[in-house]
Amino acid sequence: KILVECWLKRELIKIADRLKDNITQNKDDVFELISKTIGVLEEKTNIKGASKSDITLWDRLPDFFKKLEQERTQKEDVTLKSEDFPTFNTATGGLRDGDYLLITGKWKRGKSRFANALSGDFAVNKKVGVGFISFELSLDELIKMILSLRLGVRYEYLRDPHYKNKDERFRLTD
C-alpha cells in the first residue's frame, strides 16, 4: 500500500506539472484541461483490485468468506515456509502466492545476506524458483555469498582469494 501511495503521489505531481505547463502556455480551454486531468487521474487510480463502482468492504465479505473457506478446506498447504528461519515463519506466517517481501534496514546490517539466505533456503530446500534483486552486489559477489551460505564457508574467505586457512580450502575443493 505504501508503494502504491508513493507512486500515486509521484504521478499526481507529474500531472500537476503538465497541467501547470498547459495553463501557462494557453494550449487548451480551461474546462478541456480539467476534463483531461480528471481522465488521467481516473486512469492512474484504476489499480488492479480497485474499481470505479461503490463496492464496500461489507459487500465483499461474502466472497471473502467463501474464498477463506476454500483455502481452509484445501488438502495441501500452499504457504511457503522457511526451514532455515523458523522465526521468519512466526513473524510472517510464511509466504503465499502474490506476497511481496521487502527487506529494509540500515546500511551494513545484513539485509542482502538475509535475503540471499532466505531465497537460497526456498530454492534449495523447497525447490522453487526464486528471483533475487540486489542493487549492491555484482553477480560474482552474489554467487560467492550463495556458496558461503550453502557450503558453510566464511564469506570473507571467498572474497579474498589469498586466504590462508587450508581447512576452508579443502571444503571448497571437496
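Just above, that's the structure.
If you're wondering where the values come from, they're calculated on a predicted model, not measured in any experiment. (Residues numbered from 1 in each chain as written. Predicted model: local features only at pLDDT ≥ 70, side-chain atom pairs only at ≥ 80, totals over all residues. Heavy atoms only, no water.)

(A) Seen up close, the pattern of salt bridges. Applying the stated rule across the entire model yields three salt bridges. Its salt-bridge partner being Lys126, residue Glu83 comes within 3.7 Å of it at the nearest N-O pair. Remark: Lys126 occurs in the loop between α5 (111-125) and α6 (139-151) and Glu83 occurs in the loop between α3 (57-73) and α4 (86-92); sequence separation between them is 43 residues. Using a relative accessible area of 49% as the deciding quantity, one classes Glu83 as partly exposed. The salt bridge involving Glu141 is made with Lys144; its shortest N-O contact spans 3.3 Å. A residue pair is termed a helical-turn pair when its members lie 3 or 4 positions apart in one helix, as Glu141 and Lys144 do in helix α6 at three residues. Relative accessible area serves as the criterion here: at 24%, Lys144 is assigned to the partly exposed category. Salt bridges sharing common partners tie together Glu141, Lys144 and Arg159. (Salt bridge = Lys/Arg side-chain N within 4 Å of Asp/Glu carboxyl O. Helix = DSSP H or I, 4+ residues; strand = E, 2+ residues; numbered from the N terminus. Buried < 20%, exposed > 50% of the residue type's maximum accessible area, 1.4 Å probe, protein only.)

The quantities given are spatial measurements derived from coordinates; they are silent on function.
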